[in-house]
Amino acid sequence: MTIKNILRLTAAAALFPGMLWAEQGVSDTEIKFAQVAALDGAAGALGTGIRSGILAAFEEANANGGVHGRQIALESFDDRYEPDLSVEHLTKVIQSNDFLGLVGPVGTPTSAATQPIATEAEMPFIGPMTGAGFLRNADLGNIFNVRATYHAEVEAWMQYLVDQEGMKNIALLYQDDGFGRVGLDAVNVALEKRGMEVSATGTYTRNTVAVKKALLTIKKAKPDAVVMVGAYKPVAEFIKLSKKLKFSPTFVNISFVGSAALSAELGESGENVIVSQVVPFPWDDSIEVVAQYQAALQDAFPGEEPGFVSLEGYLTGRLTIEALKAAGKDLDRASFLKALSDLRDVEVGGLNMSFGPNDNQGLDSVFLTRITKSGTFEPVAIGGNS
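Residues numbered from 1 in each chain as written. Predicted model: local features only at pLDDT ≥ 70, side-chain atom pairs only at ≥ 80, totals over all residues. Heavy atoms only, no water.

Caption draft 1: Quick look at helix H9 (residues 259-266). What H9 keeps buried is the set Ser259, Ala261, Leu262, Ser263 and Leu266. Directly beyond the C-terminal end of H9, a positive phi value near 60° is found at glycine 267. (Buried < 20%, exposed > 50% of the residue type's maximum accessible area, 1.4 Å probe, protein only. Helix = DSSP H or I, 4+ residues; strand = E, 2+ residues; numbered from the N terminus.)

Caption draft 2: Here's a closer look at the packing of aromatic side chains. Taken as a whole and judged by the stated rule, the model has 15 aromatic pairs. Ring centres of phenylalanine 77 and phenylalanine 99 lie 6.0 Å apart, and the angle between their planes is 85°; this geometry places the pair in the edge-to-face category. Taken together, the positions of phenylalanine 77 in strand S2 (residues 71-78) and phenylalanine 99 in the loop between helix H3 (83-96) and strand S3 (102-103) put the pair 22 residues apart, joining distant regions of the chain. A relative accessible area of 4% means that phenylalanine 99 is categorised as buried. Ring pairs connect the aromatic residues Phe281, Trp283, Phe308, Phe367 and Phe377, which therefore count as one cluster. (Phe/Tyr/Trp six-rings, centres within 6.5 Å; stacked < 30°, edge-to-face > 60°.)

Caption draft 3: Looking closely at the pattern of salt bridges. Taken as a whole and judged by the stated rule, the model has 15 salt bridges. We note a salt bridge from glutamate 88 to lysine 92, for which the minimum N-O separation is 3.5 Å. Taken together, the residues span about one helical turn, with glutamate 88 and lysine 92 both in helix H3 at a distance of four residues. Among the charged side chains, a salt-bridge network with shared partners connects Glu155, Asp163, Lys193 and Arg194. (Salt bridge = Lys/Arg side-chain N within 4 Å of Asp/Glu carboxyl O.)

Caption draft 4: Expanded view of the pairing of strand S13 (residues 367-371). Counted residue by residue, S13 has four buried out of five residues, so it is predominantly covered. Looking at chain direction, strand S10 (residues 274-277) and S13 are connected through four bridges and run antiparallel. Pairing of serine 276 across the sheet is with leucine 368, part of S13. In this structure, S13 lies alongside strand S14 (residues 377-380), joined through four bridges in antiparallel fashion. Looking at S14, one finds that leucine 368 is bridged to valine 380. Hairpin connection, S13 to S14: the antiparallel pair is bridged by five residues, and glycine 375 has positive phi, about 90°. (Pairing = 2+ DSSP bridges.)

Caption draft 5: Expanded view of the environment of alanine 291. Take alanine 291: it is sitting in helix H10 (residues 288-300). By relative accessible area, which is 30% here, alanine 291 ends up partly exposed. Residues alanine 291 and glycine 349, 58 residues apart in the sequence, show an inter-C-alpha distance of 8.7 Å.

Caption draft 6: Region of the structure containing the packing of H3 against helix H4 (residues 108-120). Relative to each other, H3 and H4 sit at 30°, their axes nearing to 8 Å. In terms of orientation, H3 lies roughly parallel with respect to H4. The two elements H3 and H4 meet at a crossing, and its hand is right-handed. Residues Pro83, Ser86, Val87, Leu90 and Ile94 of H3 lie in contact with H4, whose contacting residues are Pro109, Thr110, Ala113, Thr114, Ile117 and Ala118. (Axes fitted to C-alpha atoms, helices over the stretch in contact; angles between N-to-C directions. Parallel < 35°, antiparallel > 145°, perpendicular 65-115°, else oblique. Left-handed = near helix turned anticlockwise from the far one by under 90°. Contact = heavy atoms within 4.5 Å.)

Caption draft 7: Summary view of the sheet that holds S14. Spatial ordering of the open sheet is given by S7-S6-S8-S9-S10-S13-S14, a layout of seven strands whose pairing is mixed. Of all strands in the sheet, those bounded by a partner on one side alone are strand S7 (200-204) and S14. Strand-to-strand twist in this sheet, taken as the mean axis angle between neighbours without regard to direction, amounts to 25°. Here strand S6 (residues 170-175) runs beside S7; their pairing, made up of five bridges, is parallel. Bridged to glutamine 175 within S7 is tyrosine 204. Packing of helix H8 (residues 232-244) onto the sheet brings it into contact with S6, S7, strand S8 (225-229) and strand S9 (250-253), and relative to S9 it is tilted by some 180°.

Right, here's the structure in full:
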């Protein structure tokens, strides 16, 4: 930058202080966050869904005056669910010094690549859409989770399939990367607890729908159920091909699959497919926070249908707002991180998120849902409870 331009910017800043760029994403009038997530490709509906929910929460707060007089903004960067691209975006976000923190990242392999960078930079890493265990290390200091772990989801699967339904033969389809291997470990742990082991496994490569080889391998084992740790496009391809081959075990999916996107991809092949969930039922407006979410979503995105993914994003946004309130008006990254670290019992529309010195995860609940003939979702009873 030339001396002339520096002098010009300095003079403008003196005349119009509000125009000065926001250090660490904070100005007199605005707080700016970044999201690095898949917005396109095989997991694109997950990043866009999380984004919609976060923005709904931010716009709800902005319409009520913002937080301590500042409006909250979000800028999203598409990593296409590729770790290298996620690292590239996050590095630029950190170097720019234009953002207070990172909210709503999506995925285990991308988070595994970006978390060490964010931790080194003391960049808040809020509400990652993954149940991977390494993000539950509260000693990292900058990671704050909303959702339950994948191990908790898989345990709920086995309570239903094995303990309740008496199934003896369980096969597994998983994405061949860090995400899928977390799922593989969780399945092995849950089955070993019951004196069982997985009868067959099949894998596919991230961001592809090349699942036919995995299907043929799994089909030979004649499983009662196929549990699935993957994204919605390849999972849908697996289920549709299975039904064409007259192979119809119980299909069970992890929450990361993206329930609405999976149902849409499956169409008439989706009936009775099970998906585990980590947030409340997004159509049950008798739950206060769900009613608030529905209203905020319609205000921000008129006509957009409620769903589990955008509700998770909304809860991430609400957690972020609570920490901003606690940090006070004298806001920077250090004070915001301290506020996040000091959060304990956070009540959001009647929903309680609980944190502690050794607990950086707000919610622990897991429940199962089933896709209906019409493509909607209904609760699945576990142990007599719906």
